[in-house]
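Summary of the model geometry
Given next are the chains, with one letter for each unit.
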Amino acid sequence: MDFDSLTKIGAMIGSGGLVVMDEDTCMVEVARFFMNFTQRESCGKCVPCREGTKRMLEILERIVAERKAVGPGRTAGAGRHDRKYRLCGLGKSAPKPVISTMHAFRRRVSGTHRREEMPSGNLLQPAEDYGLIRRNAKAARSAQELSGKRN
Amino acid sequence: MGYMTIDGRTVEFTDEPNVLAVIRKADIDIPTLCYHSELSVYGACRLCTVENEKGKTFASCSEKPRDGMIVYTNTPRLMKYRKLILELLLAAHCRDCTTCIKSGECQLQSLAHRMGVENIRFENTKEQHPLDFKFPVYR
């Protein structure tokens, strides 16, 4: 594990610390935690960072508080567009928690997840999400193979 | 001194301090809110963001022109991005345009109109201060 191999999968080492979480951890809550940090750290000079982090935090807080998701468009929109246009390193990595949560746990954020809560008070467990993503990928692959055979 | 390509047009530059000045000299209108030619570059509004041939974006006001530079000012991505910035600004803004004294000569208003910002998807979080009627203003 080094800087380059982690950069390749879109993660970053930061100061060298690792946070280990089990499958009971609510990933939206984790994203909210990191977004809260970047929002507080934002110096407020440039617009996308100052306003964008505020909005992303707001949306994540709403998801956590209401235990249901809002449309993915807004979170993704606020995140993805902002990312490359900012002035400094903080701004550039600020939307990363949102983007990577959307990437790895999309169903949780997009509102297509099951609504019931887990005993731990969290929404769906991430392990299940991964399962779903894997199954979807498998289904997509087999569909592709099928259509390939037809053609 | 040198030449750069802006939206496919070759433009000559001489002593312009930044890419934005060259783009404006080529009669391409790029919106800005924080830039003033006589002041030092602040680079905060990010509305003047442009794209190079590799798809890398940068704020044109804080970039020195280089010979052989290729710049795109109006790609769909940049339009979308400028719109989002205006949306973010308006979301934290008092939007009482009908009673605002700046209405009609407001840069933000005219830019939002020009860029087609039709609805703001974020809640208005502008702090509401109730009017203080405890004491009469006139006696």
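Once a new chain begins, its residue numbering starts again from 1 and follows that chain's sequence as written. Key to labels: chains lettered from A, ligands numbered from 1, both in the order written. Residue-level local features of this predicted model are given only where pLDDT is at least 70; pairs of side-chain atoms are given and counted only at 80 or more, and the full residue set underlies all totals for whole chains, interfaces and linings. Side-chain measures were taken over the full set of non-hydrogen atoms in the model, leaving aside hydrogen atoms and water.

**Some remarks on the overall build of chain B**
Assigned secondary structure in chain B consists of three helices and five strands. Numbered from the N terminus, helices here are DSSP runs of H or I no shorter than four residues, and strands are runs of E no shorter than two. N-terminal to C-terminal, the α/β element order of chain B is β-β-α-β-β-β-α-α. A globule of 139 residues ought to have a C-alpha radius of gyration of about 14 Å, yet chain B, at 19 Å, is considerably larger. Residue burial in chain B is summarised as follows: out of 139 residues, 40% are buried. Only heavy atoms matter for contacts: two residues are in contact if any of them lie within 4.5 Å across the pair. Here the contacts in chain B between residues at least 6 apart in sequence split such that 51% fall between residues at least 24 apart. For a compact globule the rule gives 2.2 Å times the number of residues to the power 0.38, and the radius of gyration it is set against comes from C-alpha atoms. Relative accessible area decides the class of each residue, using a 1.4 Å probe on protein chains only: under 20% of the type maximum gives buried, over 50% gives exposed, and in between gives partly exposed.

**Things to note about the packing of aromatic side chains**
Here is the rule: rings of Phe, Tyr and Trp (six-membered ring for Trp) pair when centre to centre is within 6.5 Å. Planes less than 30 degrees apart are stacked, more than 60 are edge-to-face, and the remainder are tilted. All chains considered together, the criterion is met by one aromatic pair over all chains. A positively charged side chain is recorded as over a ring if its NZ (Lys) or CZ (Arg) lies within 6 Å of the ring centre. The angle to the ring normal must also be within 35 degrees. Its end group placed over the ring of B:Tyr42, A:Lys45 keeps NZ or CZ at 4.5 Å from the ring centre.

**Section: helix 3 (residues 107-115) of chain B**
Within an α-helix, residues lying three or four positions from one another point in the same direction, as the helix has 3.6 residues per turn. Residues and elements named next belong to chain B. Those residues of helix 3 lying buried are Leu108, Leu111, Ala112 and Met115. Buried residues of helix 3, viewed axially, fall in a sector of 100 degrees; they line one side. Along its buried surface, helix 3 packs onto helix 2 (76-91). Positive backbone phi, approximately 75 degrees, marks Gly116, located one or two places after helix 3. Starting at the helix axis, one direction is taken to each C-beta atom, and the arc is that of these directions.

**Quick look at unusual backbone geometry**
Residues and elements named next belong to chain B. A positive phi angle is found at Asp27, which is not glycine, with a value near 65 degrees. The residue Asp27 is located in the loop between helix 1 (19-25) and strand 3 (49-52) in this model. A positive phi is found at Arg46, a non-glycine position, where the angle reads about 60 degrees. Within the fold, Arg46 resides in the loop between helix 1 and strand 3. A residue is classified by how much of its surface remains accessible, and Arg46, at 6% relative accessible area, is buried.

**Quick look at the side chain of B:Thr75**
Residues and elements named next belong to chain B. Along the chain, the position of Thr75 falls in the loop between strand 5 (70-72) and helix 2. The exposure class of Thr75 is buried, given its relative accessible area of 18%. Polar contact criterion, stated in full: a pair of N or O atoms within 3.5 Å, where within protein one must be able to donate a hydrogen and the other to accept it, and residues adjacent in sequence count only if both atoms are side-chain atoms. A distance of 2.8 Å separates polar atoms of two side chains, one belonging to Thr75 and the other to Glu51.

**Describing helix 2 (residues 27-41) of chain A**
Over its 15 residues, helix 2 of chain A extends 21 Å from the first C-alpha to the last, a length consistent with the 21 Å expected when each residue adds 1.5 Å. Where helix 2 of chain A is concerned, the buried positions are A:Met27, A:Val28, A:Val30, A:Ala31, A:Arg32, A:Met35 and A:Thr38. To estimate the expected span of a helix, subtract one from its residue number and multiply by 1.5 Å.

**Topic: the layout of surface pockets**
Residues and elements named next belong to chain B. Method remark: on a 1 Å grid restricted to protein atoms, a set of points is classed as a cavity if a 1.4 Å probe fits but cannot get out and as a pocket if it is open with protein on both sides within 12 Å along at least five of seven lines; lining residues have an atom within 4 Å of a point. Grid points are joined across faces, edges and corners, and a volume is the space filled by probe spheres set on the points. Space inside the second largest pocket adds up to approximately 240 Å³. If you trace the second largest pocket, you find 16 residues lining it, with Leu90, His93, Cys94, Arg95 and Cys97 closest to the centre. The leading source of residues in the lining of the second largest pocket is helix 3, at three residues. Each residue belonging to the lining of the second largest pocket can be placed in one class, and the counts come to nine nonpolar, three polar and four charged. Lys, Arg, Asp and Glu make up the charged group, whereas Ala, Val, Leu, Ile, Met, Phe, Trp, Tyr, Cys and Pro make up the nonpolar group; the residues left over, Gly among them, are polar.

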